[in-house]
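Residue-level structural notes
What follows is each chain in one-letter form.
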Amino acid sequence: MKMWFWSILAGMGAIGVAAGAGQDLVASRAVPPPQLPKNKKLTPFELGKLIYYTDEFVGRDGKNCAACHESKLPLRRDALAKRKKELPKQIQWCLATRVKNEEIQPGTPEFDGIMEYIYTVYGLHAVVDEDPKVDRLMNLGAELFADGDFEGAKTYLERALPQLQSKYHIAQTHVMLGIVFHVLAEPEMAKDHFRMAVETDPTIDVDASLFSPKTVELFYSVKRKIVAGQTEEFR
Ligand code: HEC
């Protein structure tokens, strides 16, 4: 059941979820370092990638991440996944002692960017890091969802939601709840959940082959509105 749960979520197509997506991104890392774009609001991923590859951006005479981790000390997904909880500490250590930049601290956009870059490239969003109890609630919810017991699914997913830690799981659970509410003919609740899913993870998608066209259309109408609203803000 566990496998099924995460594989159906992977089917929803968030970036870097399926092992395959992660692999592609890893393979494409050998591209030349990115250029600093002018007058453009960077996404956390883009900011993280810049810091990872260029020392000009970090503005110190230390090395950039790629100098070590794209040559002698390659990062490996399985090792990173096992130590997911310790990664912020490890990256802080690299920043302070290797890159020699102590200003990039957890909580800054730069630090969040580096985390987002590593999480996306190595598919770490999909690594389950939840409390086993919460994980059980999620699995029960997903099981009932698959059986078509939407009231039951709603009960478990709503209980799991406030206890979830990772943005990845929060976004996916909002999508499932949105679908549940849509099926239960509560479109306003469905829209609220879709909105929260997209706000938590703007890259989130639903697999059009798994759900009804009406549900998929509702999801994308909400997503388009939010994405359009965000572009408006940055002007
Ligand atoms: C001068 C070389 C150097 C630079 C520059 C450097 N690191 Fe590291 N990094 C290391 C070493 C050495 C380790 C420890 C390897 C180990 O524990 O196996 C490490 C470990 C890590 C790990 C944990 C790897 C694992 O498998 O557990 C991560 C993640 C990491 N670095 C990210 C970064 C990031 C992000 C940057 C840039 C902000 C960076 N590093 C810059 C040398 C470097």
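Residues numbered from 1 in each chain as written. Predicted model: local features only at pLDDT ≥ 70, side-chain atom pairs only at ≥ 80, totals over all residues.

Examining the overall build of the protein
When you go through the protein residue by residue, the secondary structure sums to 13 helices and zero strands. Taking the intrachain contacts of the protein between residues at least 6 apart in sequence as the baseline, contacts between residues at least 24 apart amount to 64%. (Helix = DSSP H or I, 4+ residues; strand = E, 2+ residues; numbered from the N terminus. Contact = placed C-beta atoms within 7 Å.)

A few points about helix α9 (residues 132-147)
What sets the pattern is the α-helix's 3.6 residues per turn: residues three or four places apart point alike. Here α9 is 16 residues long and its end C-alpha atoms lie 22 Å apart, about the 22 Å a rise of 1.5 Å per residue gives. All buried positions along α9 are accounted for by Leu137, Met138, Gly141, Ala142 and Phe145. Down the axis of α9, the sector holding all buried residues measures 130°, keeping them to one side. With respect to the buried face of α9, the exposed residues turned more than 90 degrees away are Pro132, Lys133 and Asp147. A positive backbone phi angle near 85° is found at Gly148, which sits one or two residues after α9. (Expected span 1.5 Å × (residues − 1). Buried ≥ 20, exposed ≤ 12 C-beta atoms within 10 Å, placed from the backbone. Arc of directions from axis to C-beta.)

A look at the nonpolar core
Counting residues in hydrophobic clusters, the biggest one holds 27 residues, and the most contacted among them are Leu157, Ala160, Val175, Met176, Val180, Phe194 and Ala197. Of all the elements in the fold, those that place two or more residues in this core are α9, α10 (150-160), α11 (167-183), α12 (187-200) and α13 (213-233). Apart from the residues lying within four places of it in its own chain, the contact partners of Val180 are Phe145, Phe150, Ala153 and Lys154. Membership of the second largest hydrophobic core comes to 17 residues, among which are Leu50, Tyr53, Cys65 and Tyr117. (Core = buried A, V, L, I, M, F, W, Y, C linked by C-beta atoms within 7 Å.)

Points about α12
Taking 1.5 Å per residue, 14 residues should reach 20 Å; α12 reaches 20 Å between its end C-alpha atoms and fits that length. Listing the buried residues of α12 in full gives Ala190, His193, Phe194, Ala197 and Val198. One face of α12 carries all of its buried residues, which in axial projection span an arc of 135°.

Let's talk about the packing of α11 against α12
Relative orientation of the contacting elements α11 and α12 amounts to 160°, with a least axis distance of 8 Å. One element, α11, and the other, α12, form an angle in the roughly antiparallel class. Classified by chirality, the crossing of α12 by α11 is left-handed. Of the residues in α12, those in contact with Lys167, Ile170, Ala171, His174, Val175, Leu177, Gly178, Phe181 and His182 of α11 are Pro187, Met189, Ala190, His193, Phe194, Met196, Ala197 and Thr200. Grouping the amino acids of the contact of α11 with α12 by side-chain chemistry returns eleven nonpolar, five polar and one charged. (Axes fitted to C-alpha atoms, helices over the stretch in contact; angles between N-to-C directions. Parallel < 35°, antiparallel > 145°, perpendicular 65-115°, else oblique. Left-handed = near helix turned anticlockwise from the far one by under 90°. Nonpolar A, V, L, I, M, F, W, Y, C, P; charged D, E, K, R; others polar.)

Re the packing of α9 against α10
α10 packs onto α9 with a crossing angle of 160° between their chain directions and a minimal axis gap of 8 Å. Put simply, α9 runs roughly antiparallel to α10. With respect to the hand of their crossing, α9 and α10 are arranged in left-handed fashion. For the pair formed by α9 and α10, the contact residues are Val134, Leu137, Met138, Leu140, Gly141, Leu144 and Phe145 on the first element and Phe150, Gly152, Ala153, Tyr156, Leu157, Arg159 and Ala160 on the second. Considering only residue class, the contact of α9 with α10 consists of eleven nonpolar, two polar and one charged.

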